[in-house]
Amino acid sequence: MEFGLIHVVAILAAAVVAFIVGFPLGISYRKKVSEKEISSAEEEARRIINEAIKSSENKKREALVEAKEEILRNRSEYEKEVKERRNEIQKQERRLQQKEENLDRKTENIEKKEEALQQKHEEMERQEEEIQAIKRSQTEMLERISGLTAEEAKNYLISQVETEVTHETAMKIKEIEQRAKEEADQRAKEIVATAIQRCAADHAAEITVSVVPLPNDEMKGRIIGREGRNIRTIETLTGVDLIIDDTPEAITVSCFEPVRREVARVALEKLIADGRIHPTHIEEMVEKARREVDAVIKSEGERAAFETGVRGLHPEVQKMLGRLHYRTSYGQNVLQHSIEVSQLAGLMAAELGADVNSAKRAGLLHDIGKALDHEYEGTHISLGVEFCRKYKEKEDILHAIQAHHGDVECKTLVACLVQAADAISAARPGARRENLENYIKRLEKLEEITGTYPGVEKSYAIQAGREVRVMVKPEQVSEDQMVILARELAKRIENELEYPGQIKVHVLRETKVVEYAK
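So, here is what we can say about the structure in this document. Small disclaimer: the values here were computed from a predicted structure and weren't measured.

About the cut-offs
Within every chain, residues take consecutive numbers counted from 1 along the sequence as written. Local features are withheld for residues below a pLDDT of 70 in this predicted model, meaning they are given only at 70 or higher, and side-chain atom pairs are given and counted only at 80 or more; totals for whole chains, interfaces and linings count all residues. Computation of side-chain values: all heavy atoms of the structure, hydrogens and water removed. What counts as a helix is a DSSP run of H or I of at least four residues, what counts as a strand is a run of E of at least two, and both are numbered from the N terminus. Each patch is built from residues that are more than 30% exposed by relative accessible area and take part in no salt bridge. Like charges join if they lie within 9 Å; nonpolar side chains (Val, Leu, Ile, Met, Phe, Trp, Tyr) join within 5 Å. Accessibility throughout is a Shrake-Rupley quantity obtained with a 1.4 Å probe, and a residue counts as covered only by protein chains that appear here. Each salt bridge in this description consists of a side-chain nitrogen of Lys or Arg and a carboxyl oxygen of Asp or Glu lying within 4 Å of one another. Charge counting treats Lys and Arg as positive and Asp and Glu as negative, with His and both chain ends excluded. A single reference atom marks each charge: NZ on Lys, CZ on Arg, CG on Asp, CD on Glu. Here, a strand pair is defined by DSSP locating no fewer than two bridges between the strands. Interaxial angle, 0 to 180 degrees, is taken between N-to-C directions of lines fitted to C-alpha atoms, where a helix line uses only the stretch in contact. Any angle from 65 to 115 degrees is called roughly perpendicular, while one under 35 is roughly parallel, one over 145 is roughly antiparallel, and all others are oblique. Here a crossing is called left-handed whenever its near helix is offset anticlockwise from the far helix by less than a right angle, and right-handed whenever the offset is clockwise. Here, residues are in contact when the closest pair of their heavy atoms is within 4.5 Å. Only Asp, Glu, Lys and Arg are considered charged in this grouping, and only Ala, Val, Leu, Ile, Met, Phe, Trp, Tyr, Cys and Pro are considered nonpolar; every other residue, Gly among them, is considered polar. A pair of cysteine sulfur atoms is labelled a disulfide when the two atoms are within 2.5 Å. Categorising residues by exposure relies on relative accessible area from a 1.4 Å probe, with only protein chains included: less than 20% of the type maximum marks a residue as buried, more than 50% marks it as exposed, and the intermediate range marks it as partly exposed. In this scheme, a helix's expected span is set at 1.5 Å multiplied by one less than its residue total. Pairs of N or O atoms within 3.5 Å make up the polar contacts considered here, provided that, within protein, one atom can donate a hydrogen while the other can accept it, and that residues adjacent in sequence are counted only when both atoms are side-chain atoms. Nonpolar core, defined: a set of buried Ala, Val, Leu, Ile, Met, Phe, Trp, Tyr and Cys residues in which side-chain atoms within 4.5 Å join the residues together.

**Quick look at unusual backbone geometry**
Stage number 1. Look at glutamate 227: it is not a glycine, yet its phi comes out positive at around 55°.
Stage number 2. Position of glutamate 227 among the secondary structure elements: in the loop between α3 (218-224) and α4 (229-238).
Stage number 3. With phi around 65°, lysine 392 is a residue other than glycine that occupies positive phi space.

Put into structure tokens, the structure is as follows:
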């Protein structure tokens, strides 16, 4: 135990001695190492500084070179720009010089013109003085010849003019009074004429003919059928009479009721197109044709209400209106006639400040009874009134329907307008009993009659044949002869032409004088 302690003490003592001896030696060695590191760091710093100086000098030289090149480039661009501007300035100077020369020449021309105008002005003043002198001499001569002074002559002329003006004033007053009387009668005509002009309607009515064309005459036998069973089936189902005669490639459908006639016509066309003609197929085609006609009737009633702008009609009333599409009166389609009456009555009501909607409604419904008069007893007026009353139409509409043919006295303005519109639509040229071809022939005949007289240059039939304008040659026909010519033309038209209403013969004579100022 004591030996161990001694051994430990000895080790510690040796360590202390070693530390005391080694510490100064370590410090001196560390110092030498630090000095070497410092010297190497200073050399490295000097080297870095030298390299930085060399690099900065190189960059400085490069920057100087680039600056010199930039300066040279800018200088060349500047010189180029200066040169271009100098050229542009020189061009502008040349243009200005040319303009100055032109202005100088114009100034010289203006000065010459001013001198010429001054000379002309002086010449005119001299001529005016001469004219005044001549005028004074002539006035003196006239005074000596007439024995009147200028003042006396002036008073005499004034009195004469006053007398003439008084006469002309009296004539003008009389003419104005006459014109005022005529205008009082023409006002109603203007309202009607305006309504007619604004209402677009055909000038010639179409005539409905129930004729079914056939592809060949062999089809007639197929339609008749064995022992006539096919034709009997068609006539039984549709209620029409089929007339099969010698007319080539055509069959006539005869029936007083237009809807049944239309159903038969459509069914026949379908059978002919299909080619299968026997009783069972005939029943199918008749039923299909009936549905198609009903659809057309419905759409036509809706179209009439839409075109006239009449709202709130009962569906049954619209349907009955559509039946008028297949109804004609004197060759005039009744539905189209009703639409036209509605539009005319509405236009005239607007001119007079009346109820436009009521006038249109009454005009559209005024002939609705014609869709019923083939099925029920009574006139179309009484049938129409009862039918509209059934569907709650107002009393003023019913009264207009009842009075449109004058059966009862008109008590409202709407009834009067419907009556007038109905007369206009039915009586206008080309409305009834006249197809388009005859209408055109009548107009051509009217122009032919009026264009064959001596001295007539041109003639035109206008206003749907209600007026003819005749242009005469002024060197051959005098104003007095115009009156005689108009009377002769009117007499010849009356003798040689058939026409509704009256025709206005308008003879025009125009004199033109043309001259050119050079």
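**A look at a negative patch on the surface**
Stage number 1. Taken together, Glu100, Glu101, Asp104, Glu108, Glu111, Glu114 and Glu115 make up a surface patch of like negative charges.
Stage number 2. By the secondary structure assignment, glutamate 100 is in helix α1 (residues 2-146).

**Looking at the pairing of strand β7 (residues 467-472)**
Stage number 1. Two strands pair when backbone bridges link them, and strand β6 (residues 456-462) and β7 are joined in this way by six bridges, in the antiparallel orientation. What sits directly across from lysine 458, in β7, is methionine 471.
Stage number 2. With six bridges joining them, β7 and strand β8 (residues 504-509) adopt parallel strand pairing. Across the sheet, arginine 469 pairs through a bridge with histidine 506, a residue of β8.

**Details of the pattern of salt bridges**
Stage number 1. Tallied over the entire structure, the rule returns 18 salt bridges.
Stage number 2. Taking the shortest distance from any N to any O, the salt bridge between glutamate 51 and arginine 47 comes out at 2.6 Å. Separated by four residues within a single helix, glutamate 51 and arginine 47 lie in helix α1, roughly one turn from each other.
Stage number 3. Glutamate 496 is the salt-bridge partner of arginine 492, the closest N and O atoms lying 3.0 Å from each other.

**Structural notes on the sheet that holds strand β3 (residues 250-254)**
Whenever strands of a sheet pair, they do so through backbone hydrogen bonds, lying parallel or antiparallel.
Stage number 1. Strands sit in the order β1-β3-β2 across an open sheet of three strands; the sheet is antiparallel. The open sheet terminates on both sides in strands that have one partner only, identified here as β1 (211-213) and β2 (241-243). Looking at each pair of strands side by side, their axes are set apart by 25° on average, direction ignored.
Stage number 2. Two elements, β2 and β3, share three bridges in a ladder whose sense is antiparallel.

**Some points on the packing of helix α6 (residues 279-308) against helix α8 (residues 334-352)**
Stage number 1. Taken N-terminus to C-terminus, the directions of α6 and α8 make an angle of 20°; their axes are 10 Å apart at the nearest point. In terms of their interaxial angle, α6 and α8 are classed as roughly parallel. Two packed elements cross with a definite hand, and for α6 against α8 that hand is right-handed. Counting all contacts with α6, which are made through Glu300, Arg303, Ala304, Glu307 and Thr308, the residues of α8 involved are Leu335, Gln336, Ile339, Ser342 and Gln343.
Stage number 2. Tallied by class, the residues present in the contact of α6 with α8 amount to three nonpolar, four polar and three charged.

**Quick word on the state of the cysteines**
Stage number 1. Applying the stated criterion across every chain, the model contains zero disulfides.
Stage number 2. The closest cysteine sulfur to the non-disulfide-bonded cysteine 410 is located on cysteine 416, 4.2 Å from its own sulfur.
Stage number 3. When its relative accessible area of 34% is taken as the criterion, cysteine 416 is described as partly exposed.

**Things to note about α8**
Stage number 1. Compared with an ideal rise of 1.5 Å per residue, which puts 19 residues at 27 Å, α8 spans 27 Å between its outermost C-alpha atoms and is within 8% of the ideal.
Stage number 2. Where burial is concerned, most of α8 is hidden: 14 out of the 19 residues are buried.
Stage number 3. At the N-terminal boundary of α8, the capping side chain belongs to asparagine 333, with an oxygen 3.1 Å from the backbone nitrogen of leucine 335.
Stage number 4. Phi for glycine 353, located one or two positions after α8, is positive at around 75°.

**Remarks on the nonpolar core**
Stage number 1. Counting 30 residues, the largest nonpolar core has Leu313, Val317, Leu321, Leu364, Leu365, Ile368 and Phe387 as the members making the most contacts within it.
Stage number 2. Of all elements in the fold, only α6, α7 (315-323), α8, α9 (356-365), α10 (380-390), α11 (395-403) and α12 (413-427) reach the threshold of two or more residues within this core.
Stage number 3. No other element matches the five residues that α11 contributes to this core.
Stage number 4. The residues contacting leucine 321, other than those within four sequence positions of it, are Gly301, Leu313, Leu335, Leu364, Leu365 and Ile368.

**Considerations on helix α5 (residues 258-274)**
Stage number 1. An ideal rise of 1.5 Å per residue puts 24 Å on 17 residues; α5 measures up with 24 Å between its terminal C-alpha atoms.
Stage number 2. For α5, a buried count of 12 out of 17 residues is recorded, marking the element as mostly surrounded by other parts of the structure.
Stage number 3. By the burial criterion, the buried members of α5 are Pro258, Val259, Arg261, Glu262, Val263, Ala264, Arg265, Val266, Ala267, Leu268, Leu271 and Ile272.

**Thoughts on the packing of α5 against α6**
Stage number 1. Running from amino to carboxyl end, α5 crosses α6 at an angle of 130°, the nearest separation of the two axes being 8 Å. Comparing their axes, α6 and α5 come out oblique. As for the relative orientation of α5 and α6, their crossing is right-handed in sense. Every residue of α6 that contacts α5 at Val259, Glu262, Val263, Val266, Ala267, Lys270, Leu271 and Asp274 is listed here: His281, Ile282, Met285, Val286, Lys288, Ala289, Arg290, Glu292, Val293 and Ile297.
Stage number 2. For the contact of α5 with α6, the class distribution of residues is 11 nonpolar, one polar and six charged.

Spatial relationships are all this shows, so hold off on functional conclusions.
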